[in-house]
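A structural walkthrough
The lines below spell out each chain.
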Amino acid sequence: MTFQAPKGTFDWIPPRSERVLAVRDALAAPLRRAGYGYVETPSFEDTELFKRGVGESTDVVSKEMYTFLDKGGRSITLRPEGTAPVVRAVLQHGLHNGQLPVKLWYSGSQYRYERAQKGRYRHFWQVGAEALGAEDPALDAELIVLAWQGYAALGLTGVRLLLNSLGDRQCRPVYRAALQEFLRGLDLDEPTRERIEINPLRVLDDKRSEVQEQLTGAPLVIDHLCGDCKAYHEEVRWLLTAAAVPYADDPRLVRGLDYYTRTTFEFVHDGLGSQSAVGGGGRYDGLSEVIGGPPLPSVGWALGVDRTILAMEAEGLLDDAADARLVDVYGVALGEEAKRRMFLLVTDLRQAGVGADMAYGSRGMKGAMKAADRSGARFALILGERDLAAEAVQVKDLTTAEQTEVPLTEVVTTLKGKLK
RNA sequence: GUGGGUGUAGCUCAGCUGGCAGAGCGCCAGGUUGUGGUCCUGGAUGUCGUGGGUUCAAGUCCCAUCACUCACCCCA
């Protein structure tokens, strides 16, 4: 009997798993430099938080949540997204009672019950950022710039930024009604007709060509923005241009979650199979109130870690051989006494900050050297009876095959010097 | 939830109109009893996804089932 990872999930294993850490670090670094503090929230929350925060009309809530009753009869849901939990944490701890905006970032697992395909899994990882409690286009622009810098730091060149505004509580309802009227006149299937009444903006996102063809004359949000929203949007665009972040206006860009208002954006890439977004976000001025808090206009984004790795793979940015190289030094000991001494030597090296591994088990010289080679280490340390007698170790450069004898007492400093 | 494709060694896959289970890579060992990578030789590993059916005989044909995968819907 063997087990496998649950349907729709997968494992990160070496060497590729190194990229998970690297991507998280690269995406988080710009945030830390911009004053975002780290927040970690539970992987599960009260189901009601998502129902109200994300919106009952969304697919995420209506069919993609992992929901169960705990032993106390409480309805619990594995988080399908990170924003609502962060807002909940901010409200719970009163962070918004201090200086605003509250700037936070997070990194963690998300769960959605969906049919898996390339770039879309039931368990996935995101790095997210939220700036809460301030209505300022500079904040929207700041977040977009920080995400852009994160992608750039990873070497990605194929990420494109799509930008739109969804309006606010003044202009959005007017637009919504106009769009509904237009959509009701189209020839659409039943599920789509239902969507017109529940969440009409999402119809614009339909990928089917027979639907897209009919949408050519659809009213656009951008034409219905009120004066405030228009000015806000123009300022965001101006700041992005000034910061030299290229973007494309996409008047059809909408988002799947109900809480978005005004600024909406998506980072897209062509290497994700049928998916297109590596990251996305926007402004959510009404979310706090929806879950019982005070008005707290905010903006944020979430970037998919596994999708970012897919994008990097598509651009040929992954180097498995380099990722497999974990140590710089590899010990090869011959005989029991030498092995004991090598164990201490390797421990000393690690203590001194030098990555070191050694051959375990009962491999012969040849096998141990082979292991040294496979480890990707630059140097092999060879220690046998002769060397022990001489109180020395053979240091072999595996790239040049050059070998020198170094006194045991000097090995650590010698290697530290060579690896500088 | 719906549709297509694929399940054979650790990995990538071949296996024709049914007739002894295969290759490459990887792994282990030897060639070299203290030296890796290249090279040579040898070796181990399979419930051919699972269950049933047809047949003298099934990896191969039929049915069912499960898994994986890609796509739709939707989304990071």
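Please refer to the structure higher up on the page.
What you are looking at is a predicted structure, and each value in this text was computed from that prediction instead of being measured. (Residues numbered from 1 in each chain as written. Chains lettered and ligands numbered in written order. Predicted model: local features only at pLDDT ≥ 70, side-chain atom pairs only at ≥ 80, totals over all residues. Heavy atoms only, no water.)

Points about the sheet that holds strand S13 (residues 356-358)
Selection rule: Pairing between two strands requires that DSSP report at least two bridges joining them. The way it works is that DSSP assigns letters per residue, a run of H or I at least four long becomes a helix, a run of E at least two long becomes a strand, and they are numbered from the N terminus. Interaxial angle, 0 to 180 degrees, is taken between N-to-C directions of lines fitted to C-alpha atoms, where a helix line uses only the stretch in contact. Contacts are assigned to residue pairs that have any heavy atoms within 4.5 Å of one another.
In spatial order, the strands read S13-S12-S14-S15-S16; together these 5 strands make up an open sheet with mixed pairing. One side of each edge strand has no neighbouring strand; the edge strands of this open sheet are S13 and strand S16 (403-407). Between one strand and the next, the sheet's axes are offset by a mean angle of 25 degrees, whatever the strand orientation. Note that strand S15 (residues 392-397) and S16 share 5 bridges and pair antiparallel. Counterpart to Ala392 in the pairing with S16 is Pro407. Helix H14 (residues 365-375) contacts strand S12 (329-333), strand S14 (379-383) and S15 of the sheet and is inclined by roughly 175 degrees relative to S12.

Focus on helix H6 (residues 171-184)
Just so we agree on the cut-off: The span you would expect from a helix comes to 1.5 Å times its residue count less one. In this scheme, a residue with accessible area under 20% of its type's maximum is buried, one over 50% is exposed, and one in between is partly exposed, where area comes from a 1.4 Å probe on protein chains only. The arc refers to the directions leading from the helix axis to the C-beta atoms.
The terminal C-alpha atoms of H6, which comprises 14 residues, lie 20 Å apart, in line with the 20 Å expected from a rise of 1.5 Å per residue. Restricting attention to buried positions, one finds in H6 the residues Cys171, Arg172, Tyr175, Leu179, Gln180 and Leu183. Projection of H6 onto a plane perpendicular to its axis shows the buried side chains occupying an angular sector of 160 degrees, all on one side. Facing away from the buried surface of H6 by more than 90 degrees, the exposed residues are Val174 and Glu181. Where H6 is buried, its residues touch helix H7 (190-198), helix H9 (227-242) and strand S9 (261-268).

Regarding a positive patch on the surface
Selection criterion: Patches in this entry comprise residues that are over 30% relatively accessible and not in a salt bridge; like charges within 9 Å are linked, as are nonpolar side chains (Val, Leu, Ile, Met, Phe, Trp, Tyr) within 5 Å. For the accessible areas, the method is Shrake-Rupley and the probe is 1.4 Å, while residue cover comes only from the protein chains on display. Whenever Lys or Arg places a side-chain nitrogen within 4 Å of a carboxyl oxygen from Asp or Glu, that contact is recorded as a salt bridge. Residues scored as positive are Lys and Arg, those scored as negative are Asp and Glu, and His as well as the terminal groups of each chain are ignored. Throughout, a charge is located at the NZ atom of Lys, the CZ atom of Arg, the CG atom of Asp or the CD atom of Glu.
Positive charge collects at one region of the surface, where Arg363, Lys366, Lys370 and Arg374 lie side by side. For Lys366, the position within the fold is in helix H14.

With respect to the packing of H6 against H7
Any two packed helices are characterised by the angle at which their axes cross and by the distance between the axes. We count it as follows: Each angle is binned into one of four classes, with values under 35 degrees roughly parallel, values over 145 roughly antiparallel, values of 65 to 115 roughly perpendicular, and all other values oblique. In a left-handed crossing the near helix is turned counterclockwise from the far helix by less than a right angle, and in a right-handed crossing that turn is clockwise. Under the scheme applied, nonpolar residues are Ala, Val, Leu, Ile, Met, Phe, Trp, Tyr, Cys and Pro; charged residues are Asp, Glu, Lys and Arg; polar residues are all the others, including Gly.
In the contact formed by H6 and H7, the axes pass within 9 Å of each other and the chain directions differ by 160 degrees. The pairing of H6 with H7 is recorded here as roughly antiparallel in orientation. As H6 packs across H7, the resulting crossing turns out to be left-handed. For the pair H6 and H7, the contacting residues are Arg176, Gln180, Leu183 and Arg184 in the first and Arg193, Ile196, Glu197 and Ile198 in the second. Classifying every residue of the contact of H6 with H7 by side-chain character gives 3 nonpolar, 1 polar and 4 charged.

Here's the deal with the protein's contact with RNA strand B
The criterion, for reference: Nearness is judged by heavy atoms alone; a residue qualifies as near a molecule or strand once a single heavy atom is within 4 Å of it. Nitrogen and oxygen atoms within 3.5 Å of one another constitute a polar contact, given that in protein one can donate a hydrogen and the other can accept it, and given that sequence-neighbouring residues count only through two side-chain atoms.
Taken together, 54 residues are adjacent to RNA strand B, and Arg120, Arg195, Gly256, Ser274 and Arg374 come closest. Backbone sugar and phosphate groups make up 54% of those atoms of RNA strand B lying within 4 Å of the protein. For RNA strand B, a sugar or linking oxygen lies 3.3 Å from a polar atom in the side chain of Gln4. Arg112 places a polar side-chain atom, nitrogen or oxygen, 2.3 Å from a sugar or linking oxygen of RNA strand B. Sorting the residues of the surface near RNA strand B by element identifies helix H3 (59-63), strand S6 (123-132), strand S10 (277-283), strand S11 (298-304), helix H11 (305-314), H14, helix H15 (385-390) and S15 as the ones contributing at least two each. No other element matches the 6 residues that H14 contributes to the surface near RNA strand B.

Concerning the pattern of salt bridges
Scanning the entire structure with this criterion turns up 20 salt bridges. Put simply, Glu142 and Lys103 hold a salt bridge, and the shortest N to O gap is 2.8 Å. Here the residue Glu142 occupies a position in helix H5 (residues 137-153), and Lys103 occupies one in strand S5 (residues 102-111), the gap between them amounting to 39 residues. One salt bridge in this structure joins Arg184 and Glu197, with 3.0 Å as the shortest N-O distance. Linking Arg184 in helix H6 with Glu197 in helix H7, this pair joins segments that are 13 residues apart in sequence. Judged by relative accessible area, Glu197 falls into the partly exposed class, the value being 41%. Three or more residues are tied together by salt bridges with common partners; here these are Arg16, Glu313 and Asp320.

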